[in-house]
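# Structural characterization, general
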There are 2 protein chains.
Amino acid sequence: MADRGRPRSFDKDAALARAMDVFWLKGYEGTSMADLTAAMGIASPSLYAAFGGKEELFRQALDYYAKHEGELIWGAALRAETAYETVETFLMQTARAFTRRSRPSGCLVVLSALHPGEHSETVRKELVEHRAQSVKDLRERLRQGVARGEISPAADLDAIAKYYVTVQQGMSIQARDGATRQQLELIARAALAAWRPLTAPEEIAAAR
Amino acid sequence: MADRGRPRSFDKDAALARAMDVFWLKGYEGTSMADLTAAMGIASPSLYAAFGGKEELFRQALDYYAKHEGELIWGAALRAETAYETVETFLMQTARAFTRRSRPSGCLVVLSALHPGEHSETVRKELVEHRAQSVKDLRERLRQGVARGEISPAADLDAIAKYYVTVQQGMSIQARDGATRQQLELIARAALAAWRPLTAPEEIAAAR
DNA sequence: TTATTTATGTGTCAATCGTTACAGATATAA
DNA sequence: TTATATCTGTAACGATTGACACATAAATAA
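Okay, so let's go over this structure. All values derive from a computational prediction rather than experimental measurement.

## Here we look at the protein's contact with DNA strand C
- Taken together, the neighbourhood of DNA strand C is formed by 21 residues, with G5(A), R6(A), R4(B), M33(B) and Y48(B) sitting nearest.
- For DNA strand C, the backbone makes up 74% of the atoms found within 4 Å of the protein, where backbone means sugar plus phosphate.
- A distance of 3.3 Å separates a base nitrogen of DNA strand C from a polar side-chain atom of R6(B).
- Here K54(B) contributes a side-chain N or O atom positioned 2.9 Å from a phosphate oxygen of DNA strand C.
- Those elements giving two or more residues to the surface near DNA strand C turn out to be α3 (44-51) of chain A together with α3 (44-51) of chain B.
- Examining the composition of the surface near DNA strand C, we find that 3 residues originate from one element, α3(B), more than from any other.

Structure, rendered in structure tokens:
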């Protein structure tokens, strides 16, 4: 009971990828149906039939983004040996992913819906949840670092995780303002300079 | 030749302050004329007569923001004794200013126009310029710190300034996501932990 | 073939967007 | 008072917004 009726004349996955690019560049509310249909090469009834509407399409574009773009950063980071290397890779891959010439700059999850508004409230909350998940994921990786003796048990893991995610979110703004990969890497290096004081607090206390 | 004709029936400065609040909360494109006239308590012809239109009104709201809200952060920061205290005050005042209950969260300069768009391109570029000025101001303060012997001449002042501004910009996102003042202060403290390694690089090299 | 199902393209819906014409109201200047 | 200048409120402008009705096209199932 699958392939009855007239077959779809466009590649759904390719169309979704193009929709993601538009949302990424212009944000959720800043993207019009006209923008989408132009980029996807289809008329609006086809978009509605295939994706359910603008909001549903954004949701699917967000999933696509997490699967493809997010993986570039988190996949590499979670493959690192130590907790430090995880954070280092996280930020360095961010510097790279946020400045690829073929893609919009910065992060779709951060930039797509920052303002409250009747038409984007559910989308916004979904993105807030996504961003909170980043903190959780990073904190969990730090917890493993404590278990392995890489990080002091006295360290405030939640604060450290929030700190590095905050730096990454700031890098989205910097990327939007035209920062190059090298400039973002310098920022990332600066942020990494806090690692020792943050993860070995008693060492600092002893030095005083 | 000043006060001929029917006098204005509303307080221009108070109306501007309310317009600023709306732009701050909803962003430039996310704010409609209906939002503005409702918040300002005037009809659109009065708005056009007094402020010149939506874009001109935003420009004036931006000036108002820089003068009042920006001063809360930079005024205190630039009054600090040392370069470190400047950065510390900069971030701590940010944590406070970004989470006042009576105001929208985060920073108007960071959040108002992050996406390209025909209707907001000039406004966006103006905000980009504003953000670049923050880096310049902070870097200049660091340069004074080098002159006073507080910071090593080998330190990369541009990278340090960009780093702390990036953290502040990330704090705008965190604030929008509901972070409390205390949580932002923890993030700020984490960022400040990088100060010694960043400003005394030879000390780090010697320790190896 | 005929019936059924799904996709496409044209055209259009009401609502909202930023902006402004216009007439009436309210002040000063002569 | 009369003339002039400016502001205010109503009402509407053309353009664009997201969404969809409808008829037609193109596939499979019987």
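So much for the structure itself; the text now carries on.
## So, the protein's contact with DNA strand D
- As a matter of local geometry, DNA strand D sits amid 22 residues, with R4(A), M33(A), S44(A), Y48(A) and S9(B) nearest to it.
- Among the atoms of DNA strand D lying within 4 Å of the protein, the sugar-phosphate backbone contributes 75%.
- R4(A) is positioned with one of its side-chain polar atoms (N or O) 2.9 Å from a sugar or linking oxygen of DNA strand D.
- Residue S44(A) places a side-chain N or O atom 2.7 Å away from a base nitrogen belonging to DNA strand D.
- Contributing elements (two or more residues each) for the surface near DNA strand D: α3 of chain A together with α3 of chain B.
- Partitioning the surface near DNA strand D into residue classes produces 8 nonpolar, 7 polar and 7 charged.

## Things to note about the nonpolar core
- By size, the foremost hydrophobic cluster in this structure holds 136 residues, and its most contacted members are L91(A), Y163(A), Y164(A), L91(B), Y163(B) and Y164(B).
- Sequence-distant contacts of L91(B), defined by excluding residues within four places in its chain, comprise Y164(B), V167(B), Q168(B), M171(B), A188(B), A191(B) and L192(B).

## Brief notes about the packing of helix α5 (residues 83-97) of chain B against helix α8 (residues 157-176) of chain B
Residues and elements named next belong to chain B.
- Direction vectors running N to C along α5 and α8 enclose 10°, while the axes themselves pass 10 Å from each other. When the axes of α5 and α8 are compared, the pair comes out roughly parallel. Of the residues in α8, those in contact with V87, F90, L91, T94 and A95 of α5 are Y164, V167, Q168 and M171.
- Here the contact of α5 with α8 is built from residues that sort into 7 nonpolar, 2 polar and no charged.

## Description of the packing of aromatic side chains
- Using the criterion set out here, one finds 16 aromatic pairs over all chains in the structure.
- Ring plane angle 55° and centroid distance 4.5 Å describe the contact between Y163(A) and Y164(A), whose orientation is recorded as tilted.
- Since its relative accessible area comes to 0%, Y164(A) is described here as buried.
- These aromatic residues form a ring-pair network of at least three members: Y84(A), Y163(A), Y164(A) and W195(A).
- Taking NZ or CZ as reference, R8(B) lies 5.7 Å from the ring centre of F10(B), over its face.
- Between the NZ or CZ atom of K54(B) and the centre of the ring of Y28(B), over which it lies, the distance is 4.6 Å.

## Some thoughts on α3(B)
Residues and elements named next belong to chain B.
- Buried within α3 we find L47, A50 and F51. Down the axis of α3, the smallest arc covering the buried residues is 75°, so these residues share one side. What points out from α3, more than 90 degrees from its buried face, is the exposed set P45 and A49.
- The inward-facing, buried residues of α3 contact α1 (12-26), α2 (33-40) and α4 (54-78).
- Two residues or fewer after α3 comes G52, characterised by a positive phi angle close to 95°.

## What to know about the state of the cysteines
- According to the stated counting rule, one finds 0 disulfides over all chains in the structure shown.
- Cysteine C107(A) is unpaired, with the sulfur of C107(B) as its nearest cysteine sulfur at 20 Å.
- Judged by its relative accessible area of 10%, C107(A) is buried.

## Points about the interface of chain B and chain A
- Contact with chain B, which involves 36 residues of that partner, is made by 36 residues of chain A.
- In total, about 3000 Å² of surface goes out of reach between chain B and chain A, with carbon and sulfur atoms giving 65% of it.
- At the junction of chain B and chain A, the tally comes to 2 salt bridges.
- In this structure, R131(B) engages D177(A) in a salt bridge whose closest nitrogen and oxygen atoms are separated by 2.7 Å.
- At the boundary of chain B and chain A, one finds 15 residue pairs in polar contact (both at pLDDT 80 or more).
- Secondary structure elements with two or more residues in the side of chain B that touches chain A: α1, α6 (108-111), α7 (121-147), α8, α9 (181-192) and α10 (195-199) of chain B.

So, how was this worked out
Residues numbered from 1 in each chain as written. Chains lettered and ligands numbered in written order. Predicted model: local features only at pLDDT ≥ 70, side-chain atom pairs only at ≥ 80, totals over all residues. Heavy atoms only, no water. Near = heavy atom within 4 Å. Polar contact = N/O pair within 3.5 Å; in protein donor to acceptor, adjacent residues only side chain to side chain. Helix = DSSP H or I, 4+ residues; strand = E, 2+ residues; numbered from the N terminus. Nonpolar A, V, L, I, M, F, W, Y, C, P; charged D, E, K, R; others polar. Core = buried A, V, L, I, M, F, W, Y, C linked by side-chain atoms within 4.5 Å. Buried < 20%, exposed > 50% of the residue type's maximum accessible area, 1.4 Å probe, protein only. Contact = heavy atoms within 4.5 Å. Axes fitted to C-alpha atoms, helices over the stretch in contact; angles between N-to-C directions. Parallel < 35°, antiparallel > 145°, perpendicular 65-115°, else oblique. Phe/Tyr/Trp six-rings, centres within 6.5 Å; stacked < 30°, edge-to-face > 60°. Lys NZ or Arg CZ within 6 Å of the ring centre and 35° of its normal. Arc of directions from axis to C-beta. Disulfide = S-S within 2.5 Å. Buried area = accessible area lost by both parts, 1.4 Å probe. Salt bridge = Lys/Arg side-chain N within 4 Å of Asp/Glu carboxyl O.

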